[in-house]
Amino acid sequence: MMQNTRSRFSFSKQLFGFAGWLILTFAAAALGALASAQAKTFYLQLVRPEWAPPGWLFAPVWTALYLLMAIAAWLVWRGHGFRRAGGALTLFVVQLAANAVWTWLFFVWHQGALAFAEILLLWLLIAGTIAAFWRLHVFAAVLLLPYLVWVSFASALTWATWQLNPGILG
């Protein structure tokens, strides 16, 4: 387990790197947000399981998770750079893209089955990213655990909502 507590980069490069990971991560969030522009209306039309959280809870939870994701990626990059952590960081970017796709599948295209299959793929990508980060920076991997827990919950919610709304969610 490689844990590099000292950065390979100057302070200014670290700041620019952190800004870059924030921008990349929140760009993925913005792509998802575009798809969820009408999500509130659509979500309220759906039959939801009794344990479904209120719609207002999703934005603050996702904001916190995206911040943790950006910090995790930055820590791995900061400690190892792209040359030594390229595979782990590429996996991180792939899971970000998968994250953005789910919102389009569910809220725009109303594809319940595809959204469920895609969120399972997202879960696997997050687990893989955690494993890859763990080998490079344990704390970075730990920062992704709340994300995995939330996506586990979101997977169950996607399944239940899809099953309760076969006419709307195909």
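Each remark here, short or long, concerns the structure printed above.
Computed from a predicted structure; not experimentally measured.

Taking 1.5 Å of rise per residue, the 25 residues of helix α1 (residues 11-35) would be expected to cover 36 Å, and the 36 Å separating its terminal C-alpha atoms lies within 8% of that figure. Three or more residues of α1 are buried, namely Q14, G17, W21, T25, A28, A29, G32 and A35.

By secondary structure assignment, the location of F42 is in helix α2 (residues 39-45). A C-alpha to C-alpha distance of 9.6 Å links F42 and H110, two positions 68 residues apart in sequence. Setting aside residues up to four positions removed in sequence, F42 forms contacts with F106, F107, H110, I168 and L169.

The biggest cluster of nonpolar side chains holds 52 residues, and the ones touching the most others in it are M69, L89, F106, F133 and Y147. Elements with a minimum of two residues in this core: α1, α2, α3 (58-108), α4 (112-136), α5 (138-143) and α6 (145-164). When sequence neighbours within four positions are dropped, the list of residues in contact with F133 reads A72, A73, V76, A88, L89, F92, V138, A140, A141 and L144.

Below, the discussion takes up the packing of aromatic side chains. A complete count under the given rule lists 20 aromatic pairs for this structure. Look at W104 and W109: their rings are 5.8 Å apart centre to centre, the planes differ by 40°, and that puts the pair in the tilted class. Considering the side-chain rings of F116 and W159, the 5.1 Å spacing of their centres and the 55° angle between planes classify their relative orientation as tilted. A residue pair is termed long-range when its members are at least 10 positions apart, and F116 in helix α4 and W159 in helix α6 qualify at 43 residues.

Phi is positive for H110, which is not a glycine, with a value near 55°. Tracing the sequence through the fold places H110 in the loop between α3 and α4. Judged by relative accessible area, H110 falls into the partly exposed class, the value being 27%.

Moving on, we come to a nonpolar patch on the surface. There is a patch of nonpolar side chains on the surface, built from W134, F139, V142 and L145 and spanning about 350 Å² of accessible area. Accessibility expressed as a relative area gives 48% for F139, which makes it partly exposed.

Let's shift gears to the packing of α3 against α6. Their axes nearest at 11 Å, the elements α3 and α6 cross at an angle of 35°. Like other packed secondary-structure pairs, α3 and α6 cross with a definite hand, here left-handed. Here F58, V61, W62, L65, L68, M69, Q95, N99, W102 and F106 of α3 lie close against α6, whose contacting residues are P146, Y147, W150, V151, L157, T158 and T161. Counted by class, the contact of α3 with α6 contains 13 nonpolar, 4 polar and no charged residues.

Criteria and cut-off values
Residue numbers restart at each chain and count upward from 1, following the sequence in its written direction. Whole-chain, interface and lining totals are the exception, using all residues; otherwise, since this is a predicted model, local features are given only for residues with pLDDT of at least 70 and side-chain atom pairs are given and counted only at 80 or more. Think of the side-chain values as coming from all heavy atoms in the structure, minus any hydrogens and water. Each helix is a run of H or I in the DSSP string that is no shorter than four residues. Each strand is a run of E no shorter than two, and both are numbered from the N terminus. A helix's residues, less one, multiplied by 1.5 Å, set its expected span. For every residue, the accessible area obtained with a 1.4 Å probe (protein chains only) is divided by the maximum for its type, and the residue is called buried under 20%, exposed over 50%, and partly exposed between those limits. We call two residues contacting when some pair of their heavy atoms lies within 4.5 Å. For this analysis, a nonpolar core means a set of buried residues of the types Ala, Val, Leu, Ile, Met, Phe, Trp, Tyr and Cys, connected via side-chain atoms within 4.5 Å. Pairing of aromatic side chains here covers Phe, Tyr and the six-membered ring of Trp, requires ring centres within 6.5 Å, and sorts the geometry by plane angle: under 30 degrees stacked, over 60 edge-to-face, intermediate tilted. What makes a patch is a set of residues exposed beyond 30% relative accessible area and free of salt bridges, joined within 9 Å when like-charged and within 5 Å when nonpolar (Val, Leu, Ile, Met, Phe, Trp, Tyr). Surface exposure here means Shrake-Rupley accessible area, sampled with a 1.4 Å probe, where a residue is shielded only by the protein chains that are shown. The term salt bridge refers to a pairing of a side-chain nitrogen on Lys or Arg with a carboxyl oxygen on Asp or Glu at a separation within 4 Å. Axis lines are fitted to C-alpha atoms, over the contacting stretch for helices. Their N-to-C directions set the angle, which ranges from 0 to 180 degrees. If you view the pair so one helix is near and one far, a crossing is left-handed when the near helix is turned anticlockwise from the far one by less than a right angle, and right-handed when it is turned clockwise. Think of it as three bins: nonpolar holds Ala, Val, Leu, Ile, Met, Phe, Trp, Tyr, Cys and Pro, charged holds Asp, Glu, Lys and Arg, and polar takes everything else, Gly as well.

Scope: geometric values only; no functional claims are made or implied.
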